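Examining the three-dimensional arrangement
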Amino acid sequence: MSKTSEQAPVAPRRPHSFTRHGITVADDYAWLKDANWQEVLHDPSQLDADIRRYLEAENTYADSVLGHTAPLQKKLVAEMRGRIKEDDSSVPSPDGPYAYFRKFREGGQHEMFGRMPRNGGAEQIALDGDELAKGHDYFKFGGSRHSYDHKLVAWSADINGSEYFSIRVRDWESCKDHDDLVEETDGGVVWTLDCKGFFYVKLDDNHRPMQVWRHRLGTAQADDVLVYEEHDTGWFTHVHESTSGRFCVIAGGDHETSEQRLIDLANPDAPPRLVAARQSGVQYSIADRGDELLILTNADDAIDFKIVTAPLASPERANWRDLIPHRAGVYVLDHDLYAGHLVRLERANALPSIVIRDLTSGEEHAIAFDEAAYSLDAMGSYEFDTTTLRFSYSSMTTPSEVYDYDMVTRTRTLRKRQEIPSGHNPADYVTTRIMAKAHDGAEVPISLLRRRDFVQDGKAPLLLYGYGSYGHAIPASFNVNRLSLVDRGFVYAIAHIRGGTDKGWGWYLDGKREKKPNSFEDFISCARALIAANYTSEKRIVGHGGSAGGMLMGAVANRAGALFAGIVAEVPFVDVLNTMLDDTLPLTPPEWPEWGNPIESEKDFRAILSYSPYDNVAAKPYPAILAMAGLTDPRVTYWEPAKWIARLRATMTSGGPVLLRTNMGAGHGGASGRFNRLDEVAIVYAFALWAVGLADKNA
């Protein structure tokens, strides 16, 4: 690995410790958390000068270490950009007289939102993201939703990366914004049926979505009406339209329990009506059709979920009746409802399928594909009374395809195939799947992408990606960026570890709270299985994960760092104990069901302390590590990776280097704009190539 003359920054140790449950924990880098962190989210210029100097010194050091890869990064960006259809557009989605779409212009960073007559004709653009982003270092759309009369569009944007979205209302004909300005929201909007107002969720001072408000057009936000307030700080609240478009659904919950309320959009002043009272551990989500609700739920120990029916007039639990019974190992991820059909997305053994049920006859059929690993998703519709289902399909070798499927005739029409302007031949690549045996005998799926001419002799470098939290499964979908590594000899692998729902809800339950270490051990088992199968060898693997997957990376570095040539942790959740002890942080109370509550429970405290990456850094060798942070990130705050890297550098005995790169003008999602984001991907890939000794060869 290349040496650098730049000295690695040394963060001063400022002794600090705390005692809880009789256990004393040292945290000598606690000073890196700005006392005024809430203000920094709103205005990054408020960051403490000492902290800013340290973060900038880390950026300078990271740039000096990876500086020799600048030509390679430039080449990677050009390659990845060459695979993007610059003037790409979505398949227009019909609604009444119009079909709505999103598109990019050639060279454009941000989307445009527009429409055309339903049966074709001239396009009209209402929102031009490139224009709206002018003058801002950061710009991200939160969403847009046209009114039912098709005269207005409510849209939202975040201009500093802190995920506080401001909502405005634009006239479709004039393309001018009204005076309405609704600030500090989560970005979502549900219009009232008379199109004179909308519902939205306001974020509180701790960035939590706790309140639902109703805004009336032409009035100030100060005059808005509070419709619903959640008092449990561990719950998040969101709003969306019901499947028929008849109701605003107020959906609340944490990672284990949920509760929903309905507001009739024809009578927006009416109070929200509860569907079924919350019961700890019971989750449900509703779809409506006429006088009936179809409810996806895990009630009655349906671990992998089932679908029940309930009368709209009396939807409480006592009136729920099974429609699609629970089947262990067949996880029902989602359901969507149309006038005559129920659509559900299922996953079994890490492979998805779409199942369609005729609600008149009860007859069912499935849409499935025969690749070894693939991704499948129903895309929803503005329209309820339709027999057309739109879905997307891709695999690690097959670019994304969008189909319209007639649920009656069972015929599919290809509406769009992802174009790769620089060219892509799927036959040049192979998607395979192998299983790794975990420490306790569990079978962990691994999805693999490699070139067809790959030689399986154990010499290849391999990037192993993992996440494994919140029940989030990593689909084996197409990603154009990965080809830049695979074409340079890498194998790209996804470890479908516990903590996700890749093999059902039970797979998730086996990787949370006191069972969290299963996620780490699964990932390590995957690395060893790939070595045993001759796909790669020790110190030829680069681990990659972000957010909770960044925590995975930190834990794996502590437990089995010797297997890896390098580790990339993007916005990594590595200071788990301190974060879960701070109930003022935006995500802490809602996260307790996932990780445990160390404030109240000594058992949870000890469990988290046993694996929290920051607290388990040890005096031993570590692989090269790249941590990437966002200064205005409200989810994984910038100081988590900063503290982690500081402790690693002060404690490790050899190996490395360990690098911290903080985007001083962005949040959890990294840089805004589709091309600016490529710069960060290129840094990750250049680091991966450098870690296995291939950077200079590929420059």
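Residues numbered from 1 in each chain as written. Predicted model: local features only at pLDDT ≥ 70, side-chain atom pairs only at ≥ 80, totals over all residues. Heavy atoms only, no water.

Things to note about helix α13 (residues 676-691)
We apply this condition: Helix and strand labels come from DSSP, where a helix needs a run of H or I of at least four residues and a strand needs a run of E of at least two; each type is numbered from the N terminus. Here the expected length of a helix is defined as 1.5 Å per residue gap, with one fewer gap than residues. Think of it in three bands: with a 1.4 Å probe and only protein chains considered, a residue is buried below 20% of the maximum accessible area for its type, exposed above 50%, and partly exposed in between.
The end-to-end C-alpha distance of α13 is 24 Å, a good match for the 22 Å that 16 residues give at a rise of 1.5 Å each. Within α13, 13 of the 16 residues are buried, leaving the element largely enclosed by the surrounding structure. Just downstream of α13 lies Gly693, where phi reads positive at about 80 degrees.

Here we look at the sheet that holds strand β22 (residues 321-324)
Operational definition: Strands were regarded as paired on the criterion that DSSP finds at least two bridges between them. Only the contacting stretch of a helix is used when fitting its axis, a line to C-alpha atoms as for every element, and angles between N-to-C directions run 0 to 180 degrees.
With antiparallel pairing, the 4 strands of this open sheet are ordered in space as β19-β20-β21-β22. A strand with exactly one partner marks an edge of an open sheet, and here the two such strands are β19 (284-289) and β22. On average, each strand axis in the sheet is inclined to that of its neighbour by 35 degrees, with strand direction left out of account. With 6 bridges joining them, strand β20 (residues 292-297) and strand β21 (residues 306-311) adopt antiparallel strand pairing. Bridging across to β21, Glu292 finds its partner in Pro311.

Some remarks on the pattern of salt bridges
Selection criterion: Salt bridges are defined as contacts in which a side-chain nitrogen from Lys or Arg sits within 4 Å of a carboxyl oxygen from Asp or Glu.
On inspection of all chains with the given rule, the structure shows 49 salt bridges. Here Arg53 ties to Asp50 by a salt bridge, and the two come within 2.5 Å at their closest N and O atoms. Of the two residues, Arg53 and Asp50 both sit in helix α2 (residues 49-66), 3 residues apart, roughly one turn of that helix. Accessibility expressed as a relative area gives 52% for Arg53, which makes it exposed. Measuring nitrogen to oxygen at the nearest pair gives 2.8 Å for the salt bridge that ties Lys134 to Glu131. Linked through salt bridges whose partners overlap, the residues forming this network are Arg327, Arg344, Glu346, Arg357 and Glu364.

Section: the packing of helix α7 (residues 517-532) against helix α8 (residues 548-560)
Cut-off, in case you're wondering: An angle below 35 degrees is treated as roughly parallel, one above 145 as roughly antiparallel, one from 65 to 115 as roughly perpendicular, and anything else as oblique. In this scheme, a crossing is called left-handed if the near helix is turned counterclockwise away from the far one by less than a right angle; it is called right-handed if the turn is clockwise. Whether two residues are in contact is decided by their heavy atoms, any of which lying within 4.5 Å being enough. Ten residues, namely Ala, Val, Leu, Ile, Met, Phe, Trp, Tyr, Cys and Pro, are considered nonpolar, four, namely Asp, Glu, Lys and Arg, are considered charged, and the remaining ones, Gly among them, are considered polar.
One way to put it is that α7 packs onto α8 with a least axis distance of 10 Å and a crossing angle of 65 degrees. Here α8 runs roughly perpendicular to α7, going by the angle between their axes. Taken as a pair, α7 and α8 cross one another with a handedness that is right-handed. Of α8, the residues touching α7 (which contributes Pro517, Ser519, Phe520, Glu521, Phe523 and Ile524) are Met551, Leu552, Met553, Ala555, Val556, Arg559 and Ala560. Classifying every residue of the contact of α7 with α8 by side-chain character gives 10 nonpolar, 1 polar and 2 charged.

Overview of the sheet that holds strand β5 (residues 112-117)
The antiparallel open sheet is built from 4 strands, whose spatial order is β3-β4-β5-β6. Only two strands of the sheet have a single partner each, and these edge strands are β3 (93-95) and β6 (124-128). Sheet twist, expressed as the mean angle between neighbouring strand axes with direction ignored, is 25 degrees. Here strand β4 (residues 98-103) runs beside β5; their pairing, made up of 6 bridges, is antiparallel.

As for the environment of Lys33
Mapping Lys33 onto the fold places it in the loop between β2 (23-26) and α1 (37-42). Accessibility expressed as a relative area gives 29% for Lys33, which makes it partly exposed. On a C-alpha basis, the gap between Lys33 and Gly252 in space is 30 Å, while along the polypeptide they are 219 residues apart.

Considering helix α11 (residues 602-611)
For clarity, the threshold we go by: It is the directions from the helix axis to the C-beta atoms that the arc portrays. Polar contact criterion, stated in full: a pair of N or O atoms within 3.5 Å, where within protein one must be able to donate a hydrogen and the other to accept it, and residues adjacent in sequence count only if both atoms are side-chain atoms.
All of the buried residues along α11 are Asp604, Phe605, Ile608 and Tyr611. Here the buried residues of α11 occupy an arc of 150 degrees about the axis, which is enough to place them on one side. For α11, the N-terminal cap is Ser601; the gap from its side-chain oxygen to the backbone nitrogen of Lys603 is 3.3 Å.

Considering the pairing of strand β34 (residues 491-495)
The element β34 is largely enclosed, with a buried count of 5 among its 5 residues. Where burial is concerned, the two faces of β34 agree: the one with Val491, Ala493 and Ala495 and the one with Tyr492 and Ile494 are both buried. Note that strand β33 (residues 462-465) and β34 share 4 bridges and pair parallel. Bridged to Leu463 within β34 is Tyr492.

A look at the environment of Val239
Among the secondary structure elements, Val239 is positioned in strand β15 (residues 236-241). For the pair Val239 and Val189, spaced 50 residues apart in sequence, the C-alpha to C-alpha distance is 7.3 Å. With sequence-adjacent residues up to four places away left out, Val239 is seen in contact with Val190, Phe199, Tyr200, Val201, Val212, Cys248, Val249 and Ile250.

Quick word on the packing of α2 against helix α12 (residues 639-651)
The description of two packed helices rests on the angle between their axes and on the distance between the axes. Relative orientation of the contacting elements α2 and α12 amounts to 65 degrees, with a least axis distance of 12 Å. Crossing hand, α2 versus α12: left-handed. The segment α2 lies against α12, with Tyr54, Leu55, Glu58 and Tyr61 engaging Ala642, Ile645, Ala646 and Arg649. Across the contact of α2 with α12, the residue classes tally to 6 nonpolar, no polar and 2 charged.

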